[in-house]
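Summary of the model geometry
What follows is the residue order along each chain.
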Amino acid sequence: MALVGRRDGRNFGYGRQLSYAGPQALKDMFGGGHYGTVKAHSDRWQAFVKWCRSV
């Protein structure tokens, strides 16, 4: 797995912005032909990010 080394950093190694890190990590994990999964989870992730910012 390519992500093992990157998981040690903050937000899977994608920086500090949750809205960017989540979808990028999903693309790395499920990007090989699972577009529906990535899209569905990305939509849910964006709702979570919106909730985090409202708290």
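Below or above, wherever it landed, is the structure these notes cover.

How each quantity is defined
Residues numbered from 1 in each chain as written. Predicted model: local features only at pLDDT ≥ 70, side-chain atom pairs only at ≥ 80, totals over all residues. Heavy atoms only, no water. Phe/Tyr/Trp six-rings, centres within 6.5 Å; stacked < 30°, edge-to-face > 60°. Buried < 20%, exposed > 50% of the residue type's maximum accessible area, 1.4 Å probe, protein only. Helix = DSSP H or I, 4+ residues; strand = E, 2+ residues; numbered from the N terminus. Expected span 1.5 Å × (residues − 1). Contact = heavy atoms within 4.5 Å. Salt bridge = Lys/Arg side-chain N within 4 Å of Asp/Glu carboxyl O.

What follows covers the packing of aromatic side chains. Per the stated rule, a full pass over the model turns up three aromatic pairs. Ring geometry for Tyr14 against Tyr20: centres 6.2 Å apart, planes inclined by 80°, an arrangement best described as edge-to-face. Of the residues examined, Tyr14 reaches a relative accessible area of 13% and is grouped as buried. Judged by its relative accessible area of 41%, Tyr20 falls in the partly exposed class. Between Phe48 and Trp51, the aromatic rings sit 6.1 Å apart at their centres with planes inclined by 25°, giving stacked as the arrangement. Of this pair, Phe48 and Trp51 both sit in helix H2 (residues 35-54), separated by three residues, roughly a single helical turn.

Below, the discussion takes up helix H1 (residues 18-30). With 13 residues, H1 extends 18 Å between its outermost C-alpha atoms, agreeing within 8% with the 18 Å of an ideal straight helix rising 1.5 Å per residue. Ala21, Gly22, Pro23, Gln24, Ala25 and Leu26 are the residues of H1 that are buried. Looking at the buried side of H1, the elements it contacts are H2.

A word on the pattern of salt bridges. Counted under the stated rule, the structure contains one salt bridge. Residues Lys39 and Asp43 are paired through a salt bridge, measuring 3.1 Å at the closest nitrogen-oxygen approach. Taken together, the residues span about one helical turn, with Lys39 and Asp43 both in helix H2 at a distance of four residues. Take Lys39: its relative accessible area is 39%, and that puts it in the partly exposed class.

In this section: the environment of Cys52. By secondary structure assignment, the location of Cys52 is in helix H2. Looking at Cys52, the relative accessible area reads 27%, which means it is partly exposed.

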